[in-house]
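# Residue-level structure breakdown
As a plain string of letters, each chain reads:
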Amino acid sequence: MSRLEDLLNDAADGPVRFDHRDIARRVRHRRTGRLAAVAAVVVLGVVGFVAGFGDDSQEVDSVGTIEDGAVTVDELVADRWVAFAYSEVIVAPSPPAFLQFDDDGRLGGIDGCRPINGDWELDGTRLVTSLEPMGNVACDNQPGGLTELLENDPRVGRFDDGSETLKLTAGDDFVAFQRFDRLGEAPSATTLEGRWSASTPAAEGEQEAPAVTFDPDGTGSLEIFGCSQPLEWSVDGDALAVDGLDPDGMPCNGGVVGGGLLLSLTSDPRLRVDGSLLWLSSDLGIDQLHSDGTGAAPSSTTTAPDGGQDAQDALERAAGSIRYVAASPDGVTLHDGGGSQRIASEDAAVAYAIGSDIVVHQPASTTFTEYPPTPEGTPTAWLSGEERALPVSPDARSTRLLDATVLDGVPVALVAESYGGVGPDDTFEELALIDIADGTRSTVVRRPAWESAHLGAAVLPDGDVIGLFASESLVLLARWSPGEADPAWVVEVAVDSRPTLTTVDGQIRVVDAGFDEDFAPMLRIRAYDTNGQEQSDESVPVADPDRELGAGLFCTGWYDATHLLCGRSDGPPILISLTSGTYRQTDSATGSYPTVSEAP
């Protein structure tokens, strides 16, 4: 057992001091192929969170466990597998991707809009595939990540240790699936009643999405491009029977229209109802329909706290007055209590604002396109319209902007700079404070950082820095004091996904955004005082009946002690009420990475 493990085992009742060089020694003596791959990411200055650098036969990563025999051939061939969660690198396609494992060794499916065909076999914990060429198939906004993952013979395991789930992992990328017959529940005539559309409601001026209506008397209609065709329907278990529709098309304005929903409904699909979602599985693939709320209320898999009308009113006020800055591919936008101002037009990974006059931001990597974005390049300070580059070290291999605040009346930016990278003995990370106004800088700490890097950090009013960093199989929270080689204290933080570090009302809060057993969004929030003592450990479900938050959340800051600002890759940032569990979207662009503005 290492010195660090000894100290952490002794830390059950509170934080401990340790020599951080123990981390480098421990890592150096436990190198694996997986660890070397992560090292390549870290030395490039990309802080990719991966927990679990142990033996590949039983390896814990950001969202699950890989074990020999965890998934059997009989399970794989039992039904189709529908994708519901993706790594930071693979973008979730729409419509949902799925895989179908036939017992004769054939593999089929859809990668967004691309067909998947080939052969498969399960070799221990590896899925070995031989895929057929797809030809010249081009899809807008579809990355083809599942196909690429299958070509790399991914490891097979569970998602978040959940039974009847499937997780395929290759390197740092994964796709997680749920068996179709385990999505929600089989429909009844009552839960199926109402209108279901092929997408979320169209924006004003856009073409209305195709929709099907199931009336209580067994009749209904299909609407495509504003034209309607009557139908009759019945449901037996999960099987839907529809009469009155011609799969070759339906009359519309003197012509004939068709489409995927028409073909699916006329192909004897199987159905599952999951909250306000209706899933159809037919020979054509998987379809996902959304309820518009006109029928019987579908059951919801998310149970959130009920704070009543007062909580909803407080959320509305917070959403309308929060001050924050958002970094996105479109640039940097400062939101100041209802108004907004464009600060920069270049692609940005992260930005921090001090009041309305100071914004510090950093470009996004053009190599790593995951969410949250990877900072790369020289940070820039915007001071009331004037821009200047921050004076980072020319000897650093990479620089990452971590925070900006006011320290003793002086606006400062906190950066992490990486040096060396050839081996364990010459790889360091330096945390430095830079005066935004005059460019002077001071070192907080210079520490060995072989295959280790900060995930986040915050400057305290006395100039100390709270850092959250990954090292080998550990995620650690530490307090660094300027001029001290070792942290004042360190605690281990157990997490299931990439965590974020936030501060509010003198507390340090580590937010781990994941999913519960029903795959509904769940926030785990651990609060610490500035001495490293844990104050609370709270799990908060997020009400998401329409499954809008499937790509995961990264929560970055607080409007106040009960309203948390979070970014996501597949929509605008949101503000979550911890009292009610509900949320409101902000006015920022899809995929923006938000941070709450500091008081000047």
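The structure displayed is predicted, hence computed values, not measured ones. (Residues numbered from 1 in each chain as written. Predicted model: local features only at pLDDT ≥ 70, side-chain atom pairs only at ≥ 80, totals over all residues. Heavy atoms only, no water.)

### Some remarks on the state of the cysteines
Stated precisely, the cut-off is as follows: Here, a disulfide means two cysteine sulfur atoms that sit within 2.5 Å of each other. Comment: elements are numbered from the N terminus, with helices defined as DSSP H or I runs of at least four residues and strands as E runs of at least two.
Here the structure, examined in full by the defined rule, presents one disulfide. Disulfide pairing places Cys-555 opposite Cys-566 at an S-S distance of 2.1 Å. Classification of the bridge connecting Cys-555 and Cys-566 rests on its S-S torsion, roughly 95 degrees, and on that basis the disulfide is right-handed. Placement of the pair is Cys-555 in strand E40 (residues 554–560) and Cys-566 in strand E41 (residues 563–567), with a sequence separation of eleven residues.

### Structural notes on the layout of surface pockets
Put simply, the test is: Only protein atoms enter the 1 Å grid used here. Points where a 1.4 Å probe fits but cannot escape make up a cavity, open sets with protein on both sides within 12 Å along at least five of seven lines make up a pocket, and a residue lines them when an atom lies within 4 Å of a point. Grid points are joined across faces, edges and corners, and a volume is the space filled by probe spheres set on the points. In this classification, Asp, Glu, Lys and Arg are treated as charged, Ala, Val, Leu, Ile, Met, Phe, Trp, Tyr, Cys and Pro as nonpolar, and every other residue, Gly included, as polar.
In this structure, the second largest pocket encloses a volume near 900 Å³. Breaking the lining of the second largest pocket down by element, the ones donating at least two residues are strand E24 (348–354), strand E28 (398–407), strand E32 (452–459), strand E36 (500–504), strand E37 (507–515), E40 and strand E44 (593–596). Broken down by element, the residue count for the lining of the second largest pocket peaks at eight residues, all from E28. Among the residues making up the lining of the second largest pocket, the classes are represented as 27 nonpolar, twelve polar and five charged.

### Here we look at the sheet that holds E37
Using the following cut-off: Two strands are said to pair when DSSP picks up at least two bridges between them. Every axis in this analysis is a line fitted to C-alpha atoms, fitted for helices over the stretch in contact. Angles between the N-to-C directions lie between 0 and 180 degrees.
Read across the open sheet, the four strands follow the order E36-E37-E38-E39; overall the sheet is antiparallel. Two strands bound the open sheet, and with one partner strand each, they are E36 and strand E39 (534–541). The mean inter-strand angle of the sheet, taken between neighbouring strand axes irrespective of direction, is 25 degrees. Strand direction decides the pairing type here: E37 and strand E38 (residues 521–528), joined by eight bridges, are antiparallel. Looking across to E38, one finds that Asp-512 is bridged to Arg-524.

### Re the sheet that holds strand E30 (residues 428–435)
Spatially, four strands are ordered E28-E29-E30-E31 in an open sheet, and the strand pairing comes out antiparallel. The open sheet has two edge strands with one neighbour each: E28 and strand E31 (441–448). Each adjacent strand pair in this sheet contributes to an overall mean axis angle of 20 degrees, direction not counted. Bridging between E30 and E31 involves seven bridges; their strand directions are antiparallel. Counterpart to Ala-432 in the pairing with E31 is Thr-443.

### Looking at unusual backbone geometry
Following Tyr-371, the chain continues into Pro-372 via a peptide bond in cis, with omega recorded as 0 degrees. Within the fold, Pro-372 resides in the loop between strand E25 (358–363) and strand E26 (380–383). A positive phi angle, near 45 degrees, is found at Asp-153, a position not held by glycine. Tracing the sequence through the fold places Asp-153 in the loop between helix H5 (145–150) and strand E8 (155–157).

### A look at the environment of Thr-405
Formally: Categorising residues by exposure relies on relative accessible area from a 1.4 Å probe, with only protein chains included: less than 20% of the type maximum marks a residue as buried, more than 50% marks it as exposed, and the intermediate range marks it as partly exposed. For this analysis, residues touch if any pair of their heavy atoms sits within 4.5 Å. Pairs of N or O atoms within 3.5 Å make up the polar contacts considered here, provided that, within protein, one atom can donate a hydrogen while the other can accept it, and that residues adjacent in sequence are counted only when both atoms are side-chain atoms.
Take Thr-405: it is sitting in strand E28. Using a relative accessible area of 9% as the deciding quantity, one classes Thr-405 as buried. Along the chain, Thr-405 and Ala-353 lie 52 residues apart, while their C-alpha atoms are 8.1 Å from each other. Leave out the neighbours within four places in its chain, and Thr-405 touches Ile-354, Val-410, Pro-411, Val-412, Val-459 and Glu-598. Within the local environment of Thr-405, its side chain forms a polar contact with the side chain of Glu-598, the two groups lying 3.3 Å apart.

### Structural notes on the pairing of strand E4 (residues 98–101)
Where strand E3 (residues 81–86) and E4 come together, two bridges link them in antiparallel fashion. Directly across from Val-82, in E4, lies its bridge partner Phe-98. Strand direction decides the pairing type here: E4 and strand E5 (residues 106–111), joined by four bridges, are antiparallel. If you follow Phe-98 over to E5, its bridge partner there is Ile-110.

### Here's the deal with the pattern of salt bridges
Selection criterion: A pairing counts as a salt bridge when a side-chain nitrogen of Lys or Arg comes within 4 Å of a carboxyl oxygen of Asp or Glu.
One pass over the structure, following the stated rule, counts 20 salt bridges. For Arg-179, the salt bridge is made with Asp-181, and the minimal N-O distance between the two is 2.9 Å. For Asp-181, a relative accessible area of 17% gives the class buried. Salt-bridge contacts for Asp-570 lead to Arg-568; the nearest nitrogen and oxygen are separated by 3.9 Å. What makes Arg-568 buried here is its relative accessible area of 2%.

### Quick notes on the packing of aromatic side chains
Rules: When two rings of Phe, Tyr or Trp (its six-membered ring) have centres within 6.5 Å they constitute a pair, described as stacked for plane angles under 30 degrees, edge-to-face for angles over 60, and tilted for the intermediate range.
For the structure shown, the criterion picks out five aromatic pairs. Centre to centre, the rings of Tyr-371 and Tyr-593 are 6.1 Å apart; their planes meet at 65 degrees, and the pair counts as edge-to-face. Of this pair, Tyr-371 sits in the loop between E25 and E26 while Tyr-593 sits in strand E44, and the two are 222 residues apart along the sequence. Residue Tyr-593 is classed as buried on the basis of its relative accessible area of 14%. On the basis of an interplanar angle of 40 degrees and a centroid distance of 6.0 Å, the ring pair of Phe-469 and Trp-480 is categorised as tilted. Of this pair, Phe-469 sits in strand E33 (residues 465–471) while Trp-480 is found in strand E34 (residues 474–480), placing the two residues eleven residues apart along the sequence. Accessibility classification places Phe-469 together with Trp-480 in one group, the buried group.

### Quick notes on the side chain of Ser-592
Residue position: Ser-592 is located in the loop between strand E43 (583–585) and E44. Setting aside residues up to four positions removed in sequence, Ser-592 forms contacts with Ala-326, Ala-327, Ser-328, Tyr-371, Gly-567, Arg-568 and Pro-573.

### Topic: the confidence of the model for the protein chain
Interpreting fine coordinate detail is not advised for predicted regions of low pLDDT. What counts is decided by this rule: The predictor rates its confidence in each residue with pLDDT, a number between 0 and 100.
Of the residues in the protein chain, 78% have a pLDDT of 70 or more, and the chain-wide mean is 79. Ignoring residues within four places in sequence, the model shows residues 1–13, a span with pLDDT below 50, making 18 contacts including any to other chains. Taken as a whole, residues 16–69 scores under 50 in pLDDT and shows 145 contacts with residues more than four places along the chain or in a different chain.

### Let's talk about the environment of Gly-112
In this structure, Gly-112 sits in the loop between E5 and strand E6 (114–123). For the pair Gly-112 and Ala-83, spaced 29 residues apart in sequence, the C-alpha to C-alpha distance is 9.9 Å.

### Quick notes on the pairing of strand E22 (residues 331–336)
Across the six residues of E22, five count as buried, placing the element largely inside the fold. Two strands pair when backbone bridges link them, and strand E21 (residues 323–328) and E22 are joined in this way by six bridges, in the antiparallel orientation. Bridge pairing in E22 links Ser-328 to Gly-331. The antiparallel pairing of E21 with E22 creates a hairpin that spans two residues between the two strands. Sheet topology note: the E22/strand E23 (residues 339–344) ladder contains five bridges and is antiparallel. Paired with Val-332 across the strands is Ala-344, a residue of E23.

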